[in-house]
Amino acid sequence: MDPKTGTAGTDPAFDVVRFTRTAARQRSRREHRYRDVLVDVYSTGLGLAVVLMMLGSLVFAVRTHLVLEPGTASSATVTIPQEYLQAGLTVAGLLAVALFSRKIGPVNVRRTEGFWWLGLPVGRRRMVEGSFLRRVLLLCLGAAVAYLPFSVLTFLTAQPLGHALASATFGLAAASVMLLSAIRQLPGRGQGPVPTLVLSVATSALPSVASAGLYWPALVLMAAVLGLWLLVAARLGSIPGADLTRGGAVAGHAGSAVFFMDVNELTRAFSGTPGSGSVSRFRCLYALPARRPWTALLLADATAFLRHTSQWRTLAALLVLSIAVMMADGGLVLPARLAVLLMAGCAAASAVGVVAKRTAITPGVDAALPLHPGAVRLSRIVLPALALSLWMACLTGGLVLLGLAGPALLVPGAIAGLGMGAAAVRGAYRRAPDWSRPPVETPFGPVPSAQLRSFTAGIDTVVIAMAPVLLALYVGQVPGILVVAQLVASTLAVLMAAFSR
Amino acid sequence: MDRVGALLEVSGLSVGYGGVPVCGPVSARLEAGEVLAVVGFNGAGKSTVARTIAGKQAPIDGEVRFDGLHVNEDSISFRRAVAAAFDEDIFFPSLSIREHLQLVARGHSVAEPDGAVSRELEFFSLGHRADVVPDLVSSGQRRRLLLASALVRPSSLLILDEPEQRLDPVMRERLAGRIRAYSESGGGVLLVTHDPELLLRTADRALLIDETVLELTPQQAAADIARAQ
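Values in this document were obtained by computation on a predicted structure and should not be read as measured data.

**Looking at the overall build of chain A**
Here comes step 1: Within chain A, the secondary structure is distributed over 22 helices and four strands.
Here comes step 2: Relative to the globule expectation of 23 Å for 501 residues, the C-alpha radius of gyration of chain A, 26 Å, shows essentially globular dimensions.
Here comes step 3: Within chain A, buried positions represent 36% of all 501 residues.
Here comes step 4: Long-range pairs, those at least 24 residues apart, make up 78% of the contacts in chain A with a sequence separation of at least 6.

**Points about the overall build of chain B**
Here comes step 1: Looking only at helices and strands, chain B features eight helices and 12 strands.
Here comes step 2: Overall size of chain B, expressed as C-alpha extent along the three principal axes, is 45 × 40 × 35 Å.
Here comes step 3: Counting only residues that meet the buried cut, chain B has 49% of its 229 residues in that class.
Here comes step 4: Restricting the contact set of chain B to residue pairs at least 6 apart, pairs at least 24 apart contribute 67%.

**Quick word on the interface of chain A and chain B**
Here comes step 1: Every contact between the two is made by 27 residues of chain A and, on the other side, 23 residues of chain B.
Here comes step 2: A total of seven residues in the side of chain A that touches chain B trace back to one element, the largest contributor, which is helix α1 (residues 16-31) of chain A.
Here comes step 3: Residues that form the side of chain A that touches chain B fall into these classes: 13 nonpolar, 11 polar and three charged.

**A look at the nonpolar core**
Here comes step 1: Formed by 118 residues in total, the largest nonpolar core has its most connected members in A174(A), A37(B), V38(B), I159(B), L190(B) and L191(B).
Here comes step 2: Beyond its immediate stretch of four places on either side in the chain, L191(B) contacts V35(B), A37(B), V38(B), L160(B), I179(B), T202(B) and A203(B).
Here comes step 3: In terms of nonpolar packing, the next biggest core, distinct from the first, is built from 63 residues, A302(A), A348(A), A423(A) and A465(A) among them.

**As for the sheet that holds strand β6 (residues 61-66) of chain B**
Here comes step 1: On the basis of which strands lie adjacent, the open sheet formed by four strands has the order β4-β1-β6-β7 (chain B) and antiparallel pairing. The sheet terminates laterally at β4 (26-30) and β7 (69-70) of chain B, the two strands that pair on one side only.

**Remarks on the confidence of the model for chain A**
Regions with low pLDDT should not have their predicted coordinates read in detail.
Here comes step 1: Mean pLDDT for chain A: 88, with 94% of residues reaching 70 or above.
Here comes step 2: Low pLDDT, under 50, characterises residues 1-10 of chain A; the predicted model gives this stretch 18 contacts beyond four residues in sequence or across chains.

**Comments concerning the domain arrangement of chain A**
Here comes step 1: Segmenting chain A into domains produces domain 1 (17-69), domain 2 (76-259) and domain 3 (281-433 + 447-499).
Here comes step 2: Look at where the C-alpha atoms of domain 1 of chain A and domain 3 of chain A centre, and you get two points 35 Å apart.

**Topic: the pairing of β4(B)**
Residue and element names in this part refer to chain B.
Here comes step 1: Only one face of β4 is covered, namely the one carrying V26, A28 and L30; the face carrying S27 and R29 has none of its residues buried.
Here comes step 2: Pairing between strand β1 (residues 8-14) and β4: four bridges, direction antiparallel. If you follow E9 over to β4, its bridge partner there is R29.

**Things to note about the confidence of the model for chain B**
Here comes step 1: Taken as a whole, chain B shows an average pLDDT of 93; of its residues, 98% reach a score of 70 or greater.
Here comes step 2: Scored by ipTM, the complex comes to 0.91, with pTM at 0.85.

**Digging into the sheet that holds strand β5 (residues 35-39) of chain B**
Residue and element names in this part refer to chain B.
Here comes step 1: Spatial strand order, β8-β9-β10-β5-β11-β12: six strands in an open sheet with mixed pairing. With one partner strand each, in any of the chains shown, β8 (82-85) and β12 (214-216) form the two edges of the open sheet. If you compare each strand with its neighbour and ignore which way they point, the axes differ by 20° on average.
Here comes step 2: In the sheet, β8 pairs with strand β9 (residues 157-161) via four bridges, with the strands oriented parallel. Bridge pairing in β9 links A83 to L158.
Here comes step 3: Across the face of the sheet, helix α1 (residues 46-53) comes into contact with β5, β9 and β10 (188-192) while running at roughly 150° to β10.

**A closer look at the environment of T202(B)**
Residue and element names in this part refer to chain B.
Here comes step 1: Take T202: it is sitting in helix α7 (residues 196-202).
Here comes step 2: A residue is classified by how many C-beta atoms lie within 10 Å of it, and T202, with 24 of them, is buried.
Here comes step 3: Along the backbone, T202 and R178 are 24 residues apart, and their C-alpha atoms lie at a distance of 9.2 Å.

**Notes on the packing of helix α10 (residues 241-259) of chain A against helix α11 (residues 263-271) of chain A**
All names here are of chain A.
Here comes step 1: α11 packs onto α10 with a crossing angle of 170° between their chain directions and a minimal axis gap of 8 Å. Comparing the axis directions of α10 and α11 gives the class roughly antiparallel. Contacts between α10 and α11 involve V250, H253, A254, A257 and V258 from the former and E265, L266, A269 and F270 from the latter.
Here comes step 2: Residue composition of the contact of α10 with α11, by class: seven nonpolar, one polar and one charged.

**Observations concerning unusual backbone geometry**
Here comes step 1: Omega for the peptide link from G105(A) to P106(A) comes to 5°, which places this bond in the cis form.
Here comes step 2: You can see P106(A) is positioned in the loop between α3 (82-104) and α4 (111-117).
Here comes step 3: Even without being a glycine, D67(B) presents a positive backbone phi close to 55°.
Here comes step 4: Using a count of 20 C-beta atoms within 10 Å as the deciding quantity, one classes D67(B) as buried.

Calculation notes
Here the residue numbering is sequential within each chain, running from 1 through the sequence in written order. Written order decides the labels, with chains lettered from A and ligands numbered from 1. Only residues with pLDDT of at least 70 are given local features in this predicted model, and only at 80 or more are side-chain atom pairs given and counted; all residues enter the totals for whole chains, interfaces and linings. Numbered from the N terminus, helices here are DSSP runs of H or I no shorter than four residues, and strands are runs of E no shorter than two. Each radius of gyration is computed over the set of C-alpha atoms, and the globule rule expresses the reference value as 2.2 Å times the number of residues to the power 0.38. Any residue surrounded by 20 or more other C-beta atoms within 10 Å of its C-beta is treated as buried, while 12 or fewer makes it exposed and the intermediate range makes it partly exposed; C-beta atoms here are placed from the backbone. A pair of residues counts as a contact when their C-beta atoms, built from backbone coordinates, are within 7 Å of each other. The classification used treats Ala, Val, Leu, Ile, Met, Phe, Trp, Tyr, Cys and Pro as nonpolar, Asp, Glu, Lys and Arg as charged, and all other residues, Gly among them, as polar. The nonpolar core is taken to be a set of buried Ala, Val, Leu, Ile, Met, Phe, Trp, Tyr and Cys residues joined by way of C-beta atoms within 7 Å. Note: two strands are recorded as paired if DSSP finds a minimum of 2 bridges between them. A residue's pLDDT is simply how confident the predictor is in it, with values from 0 to 100. These domain limits were set by an automatic method or by a database of domain assignments. Lines fitted to C-alpha atoms define the axes here, with helix axes fitted over just the stretch in contact, and angles between the N-to-C directions of these axes take values from 0 to 180 degrees. The scheme is simple: roughly parallel for angles under 35 degrees, roughly antiparallel for over 145, roughly perpendicular for 65 to 115, oblique for anything else.

Here it is, written out as structure tokens:
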């Protein structure tokens, strides 16, 4: 024993993770009855099975429709072959995995573990290895399951084995991307995102190859996963504690948001905070004279909005995706393409609502202003509305350039963007679903209408704002009445966002 | 091994957030067996200074050396030698008070961990609540658990951030004696405090954190705190 410090030297037998888990498990056994656990497992399993069956039915219905009525060729002057679009979407999926991985670490510890474990003078590898391995396996499985519908709907000639292999290949590619993200956490390995980008592009065609029933793409990626794991696992203990706890904080925040099914909270978890340098930007705008409270608030909202830069990247990605879908040669019928545009519109509205989502959680600040709540929301709508008006003008402008619509589409497009900006604020101010409220009895059975209202707030306004412009795309022309309808729809969206509770 | 320099050496340390300092640059030395108090008004940056010295936050400028080496929270030797208690209410929801302390004692290879844990539980009057999870005890008892976790393990530097918070006068008195005993046994203590009594009973010197950081005697610092209150 060290007489000065009172220690008996290092104790390699002490496993901090096992100690914590064992103690927690013993308490859990004392406090929970097996019957309750069985009921929880049964209800979760049943719920999961119902959701999977519903999704499966939907996917097979769409597939049957696609087989019977193949997608129309794009009438664009420049088209993208369907295989390229599939590969592009696979790359986008893998890059999304990489982004998600870096946000949550991917090697991390939860806040409590960070506080009680990381201060101990024992190697940290055992603290993070088990949970990280589980995370990689879960991601691999989850990505494979998520890819299955995509495979079923796009590789129409593939056999079930081909779909399984394509999904497994994508799952393994996702696991490789996560392991590459973990390498970026190692000290002295700040190699940037280039390897992830290279891997994503290099593997993008492999699921398509595997869908022909070939095993080698999955085997090659399995070897890559094993190699990367061996590279990472040996050095997991050297990842700085600050990085472990940062990722753990994001993962914990996101996990609780998923548990409560609160989409806004999930966005907040992943959006992060603007960098310290952003505070110096747009100071001149904020310093402009404002005689009335509303003008002062508008300047504050505009400055906060412009200091956030991540939304512009999301908007650019969504613009590229939307135009690519419209350029795809075959594969999708026009209503399906328009549905993709609608989904992209919802995502764009969510992206520009980042400031409103932050202010929505501090209602006391808004209430302290000498302004009607509707006036406060109107101020918050202005910048998202202008941003989405510009985005829609770019989107419809792109469609005009591709010969998919006449120049007149630009007018309802830009007006629709104003309504979508209002939808961004309506979505940001949606109340968190209150699961204590009972479902309402209907002829179709009990429906959790209050919770559904909470989920659909914002999306409903995007649908209203985009309906006329999508209709114009469907009919292929822009009659004057559609422009009037677009004006009415966007005004309605703004009024709903500003004044409805 | 005989120590060549000071236990803790802080030179031109600038601390803050987003590159903006919250107080003037800090320079100080702490020898083994000494208690250095850190005082100042609310928001002066005392806790930020303590967190930066503990390696939990990166400095803006300057350097902190512990035992002649740069402070590095990720180094095992630093974690073994430096104990810190900040005001953070973070506990495992399924671990009892005793199990939290056992985790720390075993993690630090204390020779008889269960005995050491029992002694701390007794000292901090937590024995009757030892098998309860922290969520079910008062905030003062949770505070005592945090202090016990810093003292149940061996260390040569103890960093305490306002340890008097949420403690009753009797426990403050006992804590003062414990801090003095720690320093007399050869450990160094960095004590952030607002309590003039605790300061006078324990500290050898004090740093007044402000736009300009000054070194004062404990009596001067206690008088300064009394004026501010």
